[in-house]
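As a plain string of letters, each chain reads:
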Amino acid sequence: MGDISEPIKKCILILKSAKSDTEKFAALFMVTKLVKGKDCNSQAKKALFEAIGFKFLKKLLTNNNVEDDCPPSVYKSVALSILTCFCNEPELATHPEMLANIPVFLDIVQTSDNEDYDDNLIIISEAYTCLQCIAEQEAGQKALIEVGAITKMSEIYSHQSFQTDEALNILVKLVSRYGPAAWGNDPKPFHALVNKIALDFATDQSERKFELATILSALLYSCNKFIIVPGAGEETWPQSIYKALNDILTSKIGKNQRDPALKLAANIIELLGVEWTFNDEENPKKFFLLLLQLCAIEVRMQLEDRSFKQAYANAELVTSCFIVLEMSINYMATDQLDLEQKEKQSVYTSLKGAFNAVVSILTKVSNDKNRDKLPDVEKVFVCAMIRVLVAWIAQETTAMRDQIYALLPFVFTLANDSFHAYRARKLAEKNKSEGEPMDTDISLLGQIDLLRLMLPALCHLVVEDKARDIVLNLKQEDILYEAMNFHWSIVHYKKPLIPKSERGKVKTQPEPELDPKVLDDMRDSRAAMVSLCNIFMNLTVLAPKVVDNSMLFNTLLKFIFNNLPELKNIPENLVLHGHLAVLGLLLLKQQGSKVKKNDFSICSYIQSTIRFLWDAYNVDESNDPNALVVSMAYKEHWNEIADLWFLGMQTMSGVLTIVPWISEFAIESGWAEGITEMLVKVKVGTLPPNVKSAFEDFLCRLVDSNESVKAVLKKAGALKMCRNHRLMDLGKKLFGD
């Protein structure tokens, strides 16, 4: 006890030698004085805390049956006054005794609307101080979550008791730390709380309105969208927030009001989608266009003629504007929004100005000799700029080409780092138990996969000669192949192995449904693989020499041979099936000489590819038994796969010329015969010219590569087929002139 002053030592002695609670209570008045003095250091506070004993303080906090005339609130007040001083010490705030008694503090703040507390609001205030100090520490946050503090704080705010903003601040701290895991699986407490705050936000006309905007941002950002979004349409908060933000953003406001409003708009759009902005029945586009203009202007104001450090000072606001711009660009690309020419021009001008500013800052960063030494938090901001830029490049294929080409090497370096960090995080998550807090220490860069977000833009870029040369010089295809493998591991999801002890037992429960997050990851990885296939197809067609001499493209072909037959035959996989099949054909055409006939994997691959091409058309599902139609399974996705089917048929014809023994599969599977039987049924004059030439060209190549197919086609009715649809070239090959 060397560092403890004499008065405190004396007080500790009195506390330890007290014979009764009354003596101990009397000594507490000394403690309240001493503990606030400058001599009371951390060691002294700890010694005092242990001398008093939490058991005694808890007694004062919870005991309402007091024998003398002193009201219970006095005991509570003294105990809390001491505890608030102790709580300032992290070691005491997370003391096991302190954490075990969080429910006592919660009870006090929950009863703050009782009449007993009207005279002594200081008690509630001090109980909040204790809870806030506990919530500052990680162990404290964990303990608060475990006793259900989130639900309790939500109830306190919903009932509008005393000091409700303190309850909100504790709640925001907890959900910001623990993310979606903090809310559990019941959406009701979240909706009830956010409905109340959003209503206050819409009706409050004081400066508190903007504090509530910040709180709403944090709550929306932390929620589990898979649990919250499905029921959000029945709640009042989306409409309340819309009304309030519309009022704010159409008023004359300063930076302190605009910034929280734009951040909240970004969070709600990220959660509910751009459709949320179309809330005004009379003029649904008005708020959307206003928000888009404001965000584009804000980006210019924050980035134009600024250094990277100056821009980074407002990173949170700028990133919020990026979210609005990215989601708006992606939404407009779906053609669901009917904009007039004047509106289109105005939007384009705003976006071009914003992206000029983004490119300008990125160019400064990429030319800086210290660009590789950026701290992670600054790298994340650079990634945010690249992310919004690639969303724009995916739609705007002509603007700022030279500046974008110059940026590509730097962009790929960051995107590859981000992909590797993201992949490492996903692997770590696989091995991690559920319900733990979000671990921000793995790597800030691993929070998003920037390479994944670049893929749609990259599909366009590799068509441009300069950009393609940069991609190939950087050997970027190697990383794209790694990405293909990574996304395949998600698409081809395998359920965890059943423990040995459980195998063979009779199943009494139905198979549990997959977690919505897993399903969403699978959907996103399917789309990523489709984009990767498109990139590789473009490279295969436009850089054939590179593909010929590249080991990587040979490895990619083997990847397709091995994995396409494994792809589950479900509707969700049809588009991906087609892309993998046709990419395989393009590669096979390039690398036919390297393929061996006895390679079993090619057999399975060709069968899977034939299935994709064969199943596209039929007459059986048509209302008219003599009309050829796209099959029901393909109809929903035909926009995405029509061109792919024609390319597949054309490439299959080309492959037959180079690898003629593949014709055996077309005969043995019954496909050649099936095409003939189908076309015989089709009414004369109704076969679309492009479909006719696809089938005729394929059958001609088939005959060229395998004489035995002639008999098969003739038996299936080839004469009638050729006459009905005027298949002149095929007719000559089968029947002469």
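What comes next concerns the included structure. No experiment lies behind these values; they were computed from the predicted model shown.

## Some thoughts on the packing of helix 11 (residues 149-158) against helix 13 (residues 188-203)
Relative to each other, helix 11 and helix 13 sit at 35°, their axes nearing to 9 Å. Remark: the crossing between helix 11 and helix 13 carries left-handed chirality. Residue-level inspection shows Ser154, Tyr157 and Ser158 of helix 11 in contact with helix 13, the latter providing Ala192, Leu193, Lys196, Ile197 and Asp200. The class makeup of the residues in the contact of helix 11 with helix 13 is 4 nonpolar, 2 polar and 2 charged.

## Details of the pattern of salt bridges
Scanning the model with the defined rule gives 27 salt bridges in all. Where Asp259 meets Lys255, a salt bridge forms, and the shortest distance between an N and an O atom there is 2.7 Å. A residue pair is termed a helical-turn pair when its members lie 3 or 4 positions apart in one helix, as Asp259 and Lys255 do in helix 17 (residues 255-272) at 4 residues. Looking at Lys255, the relative accessible area reads 38%, which means it is partly exposed. Here Asp465 and Arg468 are joined by a salt bridge, their closest N and O atoms 2.8 Å apart. Taken together, the residues Asp465 and Arg468, both in helix 25 (residues 465-473) and 3 residues apart, mark about one turn of the helix.

## Side note on unusual backbone geometry
Positive phi, close to 55°, is recorded for Asp305, a residue that is not glycine. Mapped onto the elements of the fold, Asp305 is located in the loop between helix 18 (284-303) and helix 19 (308-312). Looking at Asp305, the relative accessible area reads 76%, which means it is exposed. Non-glycine residue Asp335 carries a positive phi angle of around 60°.

## Topic: helix 36 (residues 689-705)
With 17 residues, helix 36 should cover 24 Å at 1.5 Å per step; its first-to-last C-alpha distance of 24 Å lies within 8% of that length. Within helix 36, the full set of buried residues consists of Val691, Ala694, Phe695, Glu696, Phe698, Leu699, Cys700, Leu702 and Val703.

Calculation notes
Residues numbered from 1 in each chain as written. Predicted model: local features only at pLDDT ≥ 70, side-chain atom pairs only at ≥ 80, totals over all residues. Heavy atoms only, no water. Axes fitted to C-alpha atoms, helices over the stretch in contact; angles between N-to-C directions. Helix = DSSP H or I, 4+ residues; strand = E, 2+ residues; numbered from the N terminus. Left-handed = near helix turned anticlockwise from the far one by under 90°. Contact = heavy atoms within 4.5 Å. Nonpolar A, V, L, I, M, F, W, Y, C, P; charged D, E, K, R; others polar. Salt bridge = Lys/Arg side-chain N within 4 Å of Asp/Glu carboxyl O. Buried < 20%, exposed > 50% of the residue type's maximum accessible area, 1.4 Å probe, protein only. Expected span 1.5 Å × (residues − 1).

Distances and angles like these do not, on their own, reveal function.
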